[in-house]
Amino acid sequence: RLAYCGARCQRRHWKSGGHRDRCDDVRRIGLDQYVANAQANAARERAVATYVAEAATAACGFCGKGGQLLRACDGCEAGAGFFHLECLAAYAATVAARDGARSERFQPWFACRACGDDFRGVGRLAVAREAWRVYNGLHPTDLHRVFAMNNLGDALGAMGLHRECLPVREDELAVGRVHFPNHTPQIEANLARCHTQLGNYAEALRLRRRVVAAVQKREGPLSRMSLEAARGLANALGDAGETDEQRAVLKQLWPRLRRALGDAHATTLSCGAKLAHALVERGHACSDSVIAEAEDILWECLEAARDGGADDVTAVALEKSLEETRRLYLAEEADDDGGKFT
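First, a word on what this report is: a plain description of the structure on this page.

### Section: the overall build of the chain
Broken down by element type, the chain carries 15 helices and 0 strands. The buried share of the chain, reckoned over its 342 residues, is 38%. In the chain, 48% of the contacts between residues at least 6 apart in sequence involve partners at least 24 apart. About 19000 Å² of surface is accessible on the chain, with carbon and sulfur atoms providing 49% of the total.

### Quick word on the side chain of glutamine 246
Position of glutamine 246 relative to the elements: it lies in helix α12 (residues 243-261). Leave out the neighbours within four places in its chain, and glutamine 246 touches Ala234, Leu237, Gly238 and Ala278.

### Notes on the environment of methionine 159
Relative to the elements of secondary structure, methionine 159 occurs in the loop between α7 (143-158) and α8 (162-179). Counting along the chain gives 35 residues from methionine 159 to arginine 124, while the straight-line C-alpha distance between them is 9.1 Å. Leave out the neighbours within four places in its chain, and methionine 159 touches Arg46, Gly121, Val122 and Leu125.

### Observations regarding the packing of aromatic side chains
Across all of its chains, the model carries 6 aromatic pairs by this definition. Seen in terms of ring centroids, phenylalanine 62 and tyrosine 91 are 5.3 Å apart; in terms of plane orientation they differ by 45°. Their pairing is tilted. Residue phenylalanine 62 is found in the loop between α3 (31-50) and α4 (85-96), and its partner tyrosine 91 is found in helix α4; the two are separated by 29 residues along the sequence. Measuring from centroid to centroid gives 6.3 Å for phenylalanine 110 and phenylalanine 147, while their planes differ by 50°, and the two rings are tilted. Pair noted here: phenylalanine 110 is in the loop between α5 (102-106) and α6 (121-135) and phenylalanine 147 is in helix α7, with a separation of 37 residues, a long-range link. Since its relative accessible area comes to 28%, phenylalanine 110 is described here as partly exposed. Positioned above the aromatic ring of phenylalanine 82, the side-chain terminus of arginine 71 is 5.3 Å from the ring centre. Stacked on the ring of tyrosine 91, the Lys or Arg arginine 113 has its end atom at 5.1 Å from the ring centre.

### Section: the state of the cysteines
By definition, a disulfide is the covalent link that joins the sulfur atoms of two cysteine residues. By the definition in use, this model includes 0 disulfides. The thiol of cysteine 63 is unpaired, and the distance to the nearest cysteine sulfur, on cysteine 60, comes to 3.8 Å. Left without a disulfide partner, cysteine 165 is nearest to the cysteine sulfur of cysteine 194, which lies 4.1 Å away.

### Considerations on the packing of helix α11 (residues 224-239) against α12
It is the contact of α11 with α12, at a shortest axis distance of 9 Å, that shows an interaxial angle of 150°. Between α11 and α12, the angle falls in the class roughly antiparallel. Crossing angle aside, the handedness with which α11 passes α12 is left-handed. Contacts between α11 and α12 involve Arg224, Leu227, Ala230, Arg231, Leu233, Ala234, Leu237 and Gly238 on the former and, on the latter, Glu245, Gln246, Val249, Leu250, Leu253, Arg256, Leu257, Ala260 and Leu261.

### Considerations on the side chain of asparagine 151
Inspection of the secondary structure assignment puts asparagine 151 in helix α7. If we skip the residues at most four places from it in the chain, asparagine 151 touches Trp109, Phe110 and Ala128.

### Observations regarding the nonpolar core
Of all hydrophobic cores here, the largest spans 49 residues; its most connected members are Leu70, Phe83, Leu88, Trp109, Val127 and Leu152. Secondary structure elements with two or more residues in this core: α3, α4, α6, α7, α8, α9 (184-197) and α10 (201-219). Here the element with the most residues in this core is α6; it accounts for 8 residues. The contacts of leucine 88, once residues within four sequence positions are left out, are Phe62, Phe83, Pro108, Trp109, Phe119 and Val127. Leu227, Ala230, Leu269 and Ile291 belong to the second largest nonpolar core, which has 36 residues in total.

### Describing α10
In this model α10 runs 26 Å from its N-terminal to its C-terminal C-alpha over 19 residues, within 8% of the 27 Å that 1.5 Å per residue would give. Looking at the packing, one finds that the buried side of α10 touches α9 and α11. Looking one or two places after α10, you find glycine 220, whose phi comes out positive at around 90°.

### A few points about the packing of α12 against helix α13 (residues 266-279)
One can describe the packing of α12 onto α13 by two numbers: an axis separation of 9 Å at closest approach and a directional angle of 155°. The orientation of α12 with respect to α13, classified from their angle, is roughly antiparallel. Handedness of the α12/α13 crossing: left-handed. Within the contact between the two elements, α12 uses Gln246, Arg247, Leu250, Lys251, Leu253, Trp254, Leu257, Arg258 and Leu261 and α13 uses Thr267, Thr268, Cys271, Gly272, Lys274, Leu275, Ala278 and Leu279. Tallied by class, the residues present in the contact of α12 with α13 amount to 9 nonpolar, 4 polar and 4 charged.

### Some points on the environment of asparagine 151
With a relative accessible area of 7%, asparagine 151 lands in the buried category. Sequence-wise, asparagine 151 and leucine 125 are 26 residues apart; in three dimensions their C-alpha atoms are separated by 9.2 Å.

So, how was this worked out
- Residues numbered from 1 in each chain as written.
- Predicted model: local features only at pLDDT ≥ 70, side-chain atom pairs only at ≥ 80, totals over all residues.
- Heavy atoms only, no water.
- Helix = DSSP H or I, 4+ residues; strand = E, 2+ residues; numbered from the N terminus.
- Buried < 20%, exposed > 50% of the residue type's maximum accessible area, 1.4 Å probe, protein only.
- Contact = heavy atoms within 4.5 Å.
- Areas by Shrake-Rupley, 256 points an atom, 1.4 Å probe, with all protein chains shown as cover.
- Phe/Tyr/Trp six-rings, centres within 6.5 Å; stacked < 30°, edge-to-face > 60°.
- Lys NZ or Arg CZ within 6 Å of the ring centre and 35° of its normal.
- Disulfide = S-S within 2.5 Å.
- Axes fitted to C-alpha atoms, helices over the stretch in contact; angles between N-to-C directions.
- Parallel < 35°, antiparallel > 145°, perpendicular 65-115°, else oblique.
- Left-handed = near helix turned anticlockwise from the far one by under 90°.
- Core = buried A, V, L, I, M, F, W, Y, C linked by side-chain atoms within 4.5 Å.
- Expected span 1.5 Å × (residues − 1).
- Nonpolar A, V, L, I, M, F, W, Y, C, P; charged D, E, K, R; others polar.

So this is what it looks like as structure tokens:
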């Protein structure tokens with residue numbers, strides 16, 4: 001139902017504002033499908049407009065014809081990788097209906113058939129909106145619909161459209177709790193990520209706590225999934241300003257990551273650096289021993305990065321953090337000595 005400011009406004013909209021036609025469509029196909037159709041059409045128009053100049057001399061990779069073409073990958077050469085959304089949707093729906101591994105069946109909805117690159121940008125969102133239009137009307141437990149909802153949430157998040165992503169993730173969680181309880185922690189993690197992007201740090205932290213509790217109960221504290229959940233919790237604690245608890249979580253997590261992934265793994269190095277930063281965070285009273293502990297952690301990370309062949313960006317970032325920590329230590333010494341170095 002639409003709310004109007006008065007009977008006169010309602011009559012005008014009904015007669016000349018398009019309400020009558022829209023109501024007929026909504027009654028015929030349902031509000032959810034009507035909205036999915038409208039959003040898919042808008043996303044397609046935007047994607048076609050984005051590539052209209054490049055597509056002027058291109059042809060669809062499926063039917064070979066021109067027209068309203070778009071693309072969604074960066075791997076194809078210039079002038080290639082274009083398609084009509086209707087052609088891709090028909091091909092993707094056919095492949096998804098086959099037997100086989102789920103990742104292979106749904107791949108045409110999220111990766112280029114020609115170059116294999118995952119879809120990106122406005123083209124990705126247009127394809128995701130189209131998949132949701134196609135599968136929205138299926139039963140909530142149908143895997144095609146489950147995939148389409150998750151894929152749409154991922155595409156919206158990648159585009160930075162977090163307010164639009166939020167209701168998708170919330171609907172996904174509502175379905176997951178009833179029909180797919182084993183997948184609920186992953187869905188809650190996706191929802192927490194969305195809340196973080198929107199600045200809803202308290203809600204994101206609440207969800208991250210639930211994820212850690214559920215995953216550790218099911219998988220144990222040392223599983224890969226548990227370690228990833230703990231990383232998410234540490235980040236959420238930092239965002240929410242819970243620095244003391246964040247330090248405690250990171251102190252447990254870093255040695256576990258070293259055992260599970262190795263000292264030179266990017267995730268291990270990132271966690272070690274975050275732990276060192278949390279120990280000497282500005283506004284937190286630091287003793288000499290705490291600053292020395294942070295320095296030791298960063299030095300261990302730097303040596304592991306160099307020995308493990310980490311990229312230059314990682315090594316430079318660790319060196320910079322180590323230098324900043326050393327300067328903090330010297331500043332503390334100066335304060336202890338009345339502002340004079342000895």
